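Descriptive analysis of the structure
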Amino acid sequence: MVLKVFFPSCCSSADSGILIGRWISEQNSAVVLAVVHFPFIPVQVKQYLGEVQRVAKVAVSVLGSWSNSKQEKEESLSEFLEDLGTIFCHEPWIQISKEGDSKFWSCSTLRKQSKNPQEEEIILVYYDQRKVMLSHLHPPLDTAGQGAEDASKLSAVFDTVARSRVLFMTDRYDEGPIKLTHWQSDGVEASIIVELMKQASVPACMLLTFLLSLVSGICRSRVLKFWPLSFLWSKLSTCEQLGHRLQHLQVISSKKKAQNQNQLMRKANIFVSLLIDVALGILLMSWLYRKNRIGHLADTLIPVADHVAEQLQDLLQWLMGAPAGLKMNRALDQVLGRFFLYHIHLWISYIHLLSPFIEMILWYVGLSACLGLTVALCILSDIIALLTFHIYCFYVYGARLYCLKIYGLSSLWRLFRGKKWNVLRQRVDSCSYDLDQLFIGTLLFTILLFLLPTTALYYLVFTLLRLLVVIVQGLIHLLVDLIDSLPLYSLILRLCRSYRLAAGVKFRVLEQQDGKPLRLLMQINPLSYGGVVQTYRLPTYSCYPRDSWASLCKKLFLGELIYPWKHKGEKQS
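How each quantity is defined
Along each chain, numbering runs from 1 in the same order as the chain's sequence is written. In keeping with the model being predicted, local features are shown solely for residues with a pLDDT of at least 70 and side-chain atom pairs are shown and tallied solely at 80 or more, while totals for entire chains, interfaces and linings include all residues. Only hydrogens and water are removed before side-chain values are computed, so all heavy atoms of the structure are retained for them. Only DSSP runs of H or I with at least four residues qualify as helices, and only runs of E with at least two residues qualify as strands; both kinds are numbered from the N terminus onward. Two residues form a contact once any of their heavy atoms are found within 4.5 Å. Residue burial considers only the protein chains on display, and all accessible areas are found by Shrake-Rupley using a 1.4 Å probe. Within 6.5 Å between ring centres, the rings of Phe, Tyr and Trp (the latter by its six-membered ring) count as paired, and their orientation is classed by plane angle as stacked under 30 degrees, edge-to-face over 60, tilted in between. The rule is simple: take the accessible area with a 1.4 Å probe, protein chains only, and divide by the maximum for that residue type; under 20% is buried, over 50% is exposed, in between is partly exposed. Counting rule for disulfides: a pair of cysteine sulfur atoms within 2.5 Å. Strands pair, by our definition, only if DSSP identifies at least two bridges between them. Like-charged residues within 9 Å of one another, or nonpolar side chains (Val, Leu, Ile, Met, Phe, Trp, Tyr) within 5 Å, are grouped into patches, provided each residue has over 30% relative accessible area and no salt bridge. The working definition used for a salt bridge is a side-chain nitrogen of Lys or Arg within 4 Å of a carboxyl oxygen of Asp or Glu. Only C-alpha atoms enter the line fits that serve as axes; for helices the fit covers just the stretch in contact. Angles between N-to-C directions range over 0 to 180 degrees. Any angle that is under 35 degrees is reported as roughly parallel, and any over 145 degrees as roughly antiparallel; angles of 65 to 115 degrees are reported as roughly perpendicular and all others as oblique. Handedness of each helix crossing follows the sense of rotation of the near helix against the far helix: counterclockwise by less than a right angle gives left-handed, clockwise gives right-handed. Only Asp, Glu, Lys and Arg are considered charged in this grouping, and only Ala, Val, Leu, Ile, Met, Phe, Trp, Tyr, Cys and Pro are considered nonpolar; every other residue, Gly among them, is considered polar. One less than the number of residues in a helix, times 1.5 Å, gives the span that helix is expected to have. Note: the arc covers the axis-to-C-beta directions of the helix. Here pLDDT means the predictor's own confidence in every residue, given as a number from 0 to 100. UniProt positions are given in the numbering used here, feature names are shortened, and annotations may be inferred rather than shown by experiment. Contacts described as polar in this section are N or O atom pairs within 3.5 Å, which, within protein, must combine one atom able to donate a hydrogen with one able to accept it, while residues neighboring in sequence count only if both atoms come from side chains.

**Things to note about the overall build of the protein chain**
Counting its regular elements, the protein chain contains 18 helices and 12 strands. Sequence separation of at least 24 residues holds for 71% of the intrachain contacts in the protein chain that already meet a minimum separation of 6. Accessible surface, the protein chain as shown: approximately 33200 Å² in total, 62% of it carbon and sulfur.

And the structure:
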């Protein structure tokens, strides 16, 4: 019969004492949790184990003895360790001894109640108690009733270590009458600091929760539901990002404890993402306000806007002539060209009217970088949308004219074939037309067909300009999505402490010799970087459209509008 003993590697250098752990009879294995050092009083040890069983709900008992003698083993110590089996009465009584600097350990068992003692094959499995405790490979702690079903699996080992958390908690310098060795024995100072930080974070979280509830109450007020404010809140990407970050802050400051590993990782990823976002925003703000860069940017903005307007005027003059040698409808060409030139004139006047206030506006906008780099990027996207509003107007005018002619030509083409569109049944039905209807339809079809190249050329030029603006805004929003959704905390854990994101375990043979127990090392298999990103990626609320290429080409051909924002209530995941 094979006996498996899971021994924590942190106890390999512990002084002699007794082994505390859990005996799993279903798989004939023992999970060692700690070592109690000499001297001790057996009654106090039993009382301590009773308190641990009551709190942790794990059958923790004394499994055997541990002997670590750097010199030759004394006979009196050996006899004393054997006599401890009669005091604590555990079957079987496990004896593990390490002599000097030897690589091989001796491990034996005593069964006093067995009438026919047989030699057992022992497998000694070393495990890193800290990694097993923090790997979260154990079942959820709230499934206490399923312990019997998983007792024969390897998860029972992880479950035993996880439920024995109270055994490892160290929050004071005085160890008391019982001295233990486990994975937190050398970190008393760090454990006390962690407990003090937990106590100090409670009032800070309560204050943050109150402030966030006040801000969220203002955001949900009826004032923001009126038409101008509701329209701006749904269209400006800055408002969307602020609402997104407000939800993140509410998740972080929530009093509700994380129920599982995914919720804990989600909170940690959000917290680290907020810290890095704010840190990058403060760096950007310090760079902007150094060496009067705001003034230089304001002085550069007006000449750039004038240069863009001049280029658009030259482009319209080229379209009003014979672009690329094409023969256009001169009357429609002149009307459209003068119409767009008048809009450019209005735009230049609007920019020069705002020129005295540009520097002040940029100075206050730069302060918003303290809210995070993503907020500053969203403000940049909105500024680009405002500065290119005339291009958007040109695109809308051209798209509407082109769409009107396309749908008019398609309707008249059905008239030639004796068809019509049935609005009620949403299908094409047969229809008979008289001579006057066919004559008027022919005239309208001819007019629209010969005016289509002129309208299509203007639509094509302004659509390309609009797509250029949308691509720039899309790159900005992709960067915002990357900062919002990238699980930075999980990636840092995967890089520094990969055992926290475990995918499984593997065993490696350390030493094997006849007459000695087989020594194995249990190691944690971490998740891959792609698996970390896929598992713990945060949801995003992007303002950039995620249309497919086929859908985008269909919209362009039919003259439908391309919006730089998402529709209200639509979420990207």
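**Focus: the packing of aromatic side chains**
The full count for this structure, using the stated rule, is 15 aromatic pairs. Taken together, a centroid distance of 5.2 Å and an interplanar angle of 35° make the contact between F7 and W66 tilted. Within this pair, whereas F7 is found in strand β1 (residues 2-8), its partner W66 is found in strand β4 (residues 60-69), the two being separated by 59 residues in sequence. The same class applies to F7 and to W66, which are both buried. Ring centres of F389 and Y392 lie 6.3 Å apart, and the angle between their planes is 35°; on these two criteria the pair is classed as tilted. In this pair, F389 and Y392 are both assigned in helix α14 (residues 389-416), three residues apart and thus about one turn of the helix distant. An aromatic cluster is built from F339, F340, F394, Y397, Y458 and F462, whose rings are joined through pairwise contacts.

**Details of the state of the cysteines**
Per the counting criterion, the structure on display carries zero disulfides. Free cysteine: C11, not disulfide-bonded; nearest cysteine sulfur from C10 at 4.0 Å. In this structure C11 comes out as buried when scored by relative accessible area, which is 0%.

**Describing the pairing of β1**
In terms of burial, β1 is a largely internal element, five of the seven residues being buried. Across seven bridges, β1 lies against strand β7 (residues 121-127) in parallel orientation. Across the sheet, the residue bridging to V2 is E121, located in β7. Alignment of β1 against strand β3 (residues 29-37), held across three bridges, turns out to be parallel. Within the sheet, the bridge partner assigned to F6 lies in β3 and is V31.

**Considerations on a nonpolar patch on the surface**
Taken together, the side chains of F357, M360, I361, W363, Y364 and L367 present a nonpolar region at the surface, about 600 Å² in accessible area. By the secondary structure assignment, F357 is in the loop between α11 (330-354) and α12 (358-367).

**A look at the packing of helix α10 (residues 293-320) against helix α15 (residues 435-485)**
It is at 11 Å that the axes of α10 and α15 come closest, and there the two elements cross at 160°. With respect to their mutual orientation, α10 and α15 come out roughly antiparallel. Crossing handedness for the pair α10 and α15: right-handed. For the pair α10 and α15, the contacting residues are L312, L315, L316, L319 and M320 in the first and L457, Y458, V461, F462 and L465 in the second. For the contact of α10 with α15, a count of residues per class yields 10 nonpolar, no polar and no charged.

**With respect to helix α1 (residues 42-56)**
The end-to-end C-alpha separation of α1 is 21 Å, in line with the 21 Å expected for 15 residues at 1.5 Å each. All buried positions along α1 are accounted for by V45, L49, V52 and A56. Projected down its long axis, α1 carries its buried residues within an arc of 55°, all on one side. In this structure, α1 carries V43, Q47 and R54 as exposed residues pointing more than 90 degrees from its buried face. Just past α1, the residue K57 takes up positive phi, approximately 55°.

**Brief notes about the confidence of the model for the protein chain**
Scored by pLDDT, the protein chain has a mean of 78; 79% of the residues are at 70 or more. Confidence drops under a pLDDT of 50 for residues 144-152, and excluding neighbours within four residues, the segment shows 10 contacts in the predicted structure. Taken as a whole, residues 565-573 scores under 50 in pLDDT and shows 15 contacts with residues more than four places along the chain or in a different chain.

**Details of the UniProt feature "transmembrane region" (unreviewed entry) in the protein chain**
On the UniProt side, "transmembrane region" (unreviewed entry) is annotated at positions that read residues 200-219, 270-289, 335-354, 361-388, 394-416, 437-461 and 467-492 here. Annotated as residues 361-388, this span is 79% helix and 0% strand, and its ends, taken at the C-alpha atoms, are 17 Å apart. Its end C-alpha atoms 37 Å apart, residues 467-492 is made of 92% helix and 0% strand.

**Examining the side chain of S485**
Among the secondary structure elements, S485 is positioned in helix α15. Of the polar contacts made by the side chain of S485, one reaches the backbone oxygen of D481; its length is 2.6 Å.

**Side note on the pattern of salt bridges**
Under the criterion given, the structure shown has four salt bridges. Between D277 and R245 there is a salt bridge whose closest N-O contact spans 3.1 Å. With D277 in helix α9 (residues 261-288) and R245 in helix α8 (residues 237-252), the pair connects residues that are 32 residues apart, well separated along the chain. Assigned by exposure class, D277 and R245 land together as buried. The residue D429 makes a salt bridge to R427 at a minimum N-O spacing of 2.9 Å. Assessed through its relative accessible area of 16%, D429 is described here as buried. Taking relative accessible area as the criterion, R427 reaches 39% and is therefore assigned partly exposed. A cluster of three or more residues bridged by salt bridges with shared partners is formed by R245, D277 and D484.

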